[in-house]
Amino acid sequence: MNYVISIINSDSLPLLNAICEELSVPLSVVFHAHGTAVKSMRELLGIESTDRRVVISVASEENTKKIINSERRHMHIGVPGHGIILAIPIKSVGGGKAVAFLNGENKVEKQAPVLNYAYELIIAIASQGSTDMVMNAARAAGARGGTVLHGKGTGAKEDSKFYNISIAEEKEVIMIVAAANEKAEIMRSILHSAGPGTKAGAIVFSLPISEVEGFGLLQDVENE
C-alpha cells in the first residue's frame, strides 16, 4: 500500500478526480499549493503560473501503478511543466477495518516495505515567509525545485517553543524530491542555513519514494 502524492496544475484536478473515481480509490485529499521554480525555469518550460494542487491518495500496489499510468496517458505527467506523481510506501495502518477500507476490502499479507529506493521526499517545515531561505539552501546543494503547502502548527502548550521558534504559528511545508545520494547534502545545507536557530527554524526529515514520474530532468541525467 502506498501514500500517492500528485503535484499537478490546478486545471488538471478534474482529470485526476475522474481517474481516482474510475479506480475506486477510497481516500483522496486535495491541498492548495504553489511551486518554487525560478522565473527563468518557468519561461524555459512555458509555465505561466506557480499555482498547484497537491492530491494525496492511499492506494494498493496495483492501483498505484494504474494511477501513475493514467496520469502519464491523460495528464501528460512526465512532460516538463505538467506535474509530478510519487509513491511513498506505507509501513503500517491502524486497525483491520481501516486496512480493509483502504485496500478495497481485499486481503493483504502483513509485510514491512523495503526502504531502499533511488529517490526520497525531503520535507522542511519552516516559519511563514521562509520558503526562499529554505530553497536557496536546498538549491545550493543541488535541489531542482520544490512545492509549498501552507499550514499552522498545533504544538502542545508545554512544547510551544523549539529553539525559540513558535510551533503554533503559520508554517510553510516545503516538499523537495531528490535523488537518494543527494538527500543528505541537501538536508545538511537546509539545516545549516535555515534550520533551528535561524529565522526560518526549519525542521527537516525525509521519506522514501518507491515510484516517481514527472521528474524527467533528474531521471535523464541519471540515465546518461
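One structure accompanies this document, and this report is about it. (Residues numbered from 1 in each chain as written. Predicted model: local features only at pLDDT ≥ 70, side-chain atom pairs only at ≥ 80, totals over all residues. Heavy atoms only, no water.)

### Quick notes on the sheet that holds strand β5 (residues 119–127)
Note on sheets: strands pair through backbone hydrogen bonds, and any given pair is parallel or antiparallel. Formally: Pairing between two strands is assigned when DSSP locates at least 2 bridges connecting them. Strands here are runs of E lasting at least two residues and helices are runs of H or I lasting at least four, both read from the DSSP assignment and numbered beginning at the N terminus. Orientation is described by lines fitted to C-alpha atoms, with helices fitted over the stretch in contact, and by angles between N-to-C directions that extend from 0 to 180 degrees. We call two residues in contact whenever any of their non-hydrogen atoms come within 4.5 Å of each other.
Judged by pairing direction, the sheet is antiparallel, and its nine strands sit side by side in the order β10-β5-β9-β6-β2-β3-β1-β4-β11 without closing on themselves. What marks the edges here is a single partner per strand, and that holds for β10 (203–209) and β11 (211–213). Each strand axis lies, on average, 25° off the axis of its neighbour in the sheet, ignoring direction. Bridge analysis of strand β1 (residues 2–9) against strand β3 (residues 51–59) gives eight bridges, and the strand direction is antiparallel. Of the residues in β3, the one forming a bridge with Asn9 is Arg52. Along the sheet, helix α5 (residues 131–140) contacts β5, β6 (147–152) and β9 (170–179); its crossing angle with β9, the most-contacted strand, is approximately 15°.

### Re the environment of Val4
Note the cut-off: Each residue's exposure class comes from its accessible area (1.4 Å probe, protein chains only) as a fraction of the maximum for that residue type: buried when under 20%, exposed when over 50%, partly exposed otherwise.
Tracing the chain through its elements places Val4 in strand β1. Taking the relative accessible area as the measure of exposure, Val4 reaches 1% and is therefore buried. For the pair Val4 and Val55, spaced 51 residues apart in sequence, the C-alpha to C-alpha distance is 8.0 Å. Ignoring any residue separated from it by four or fewer positions in sequence, one finds Val4 in contact with Val55, Ile56, Ser57, Ala59, Thr64, Ile85, Leu86 and Ala87.

Taken by themselves, the reported measurements are silent on function.
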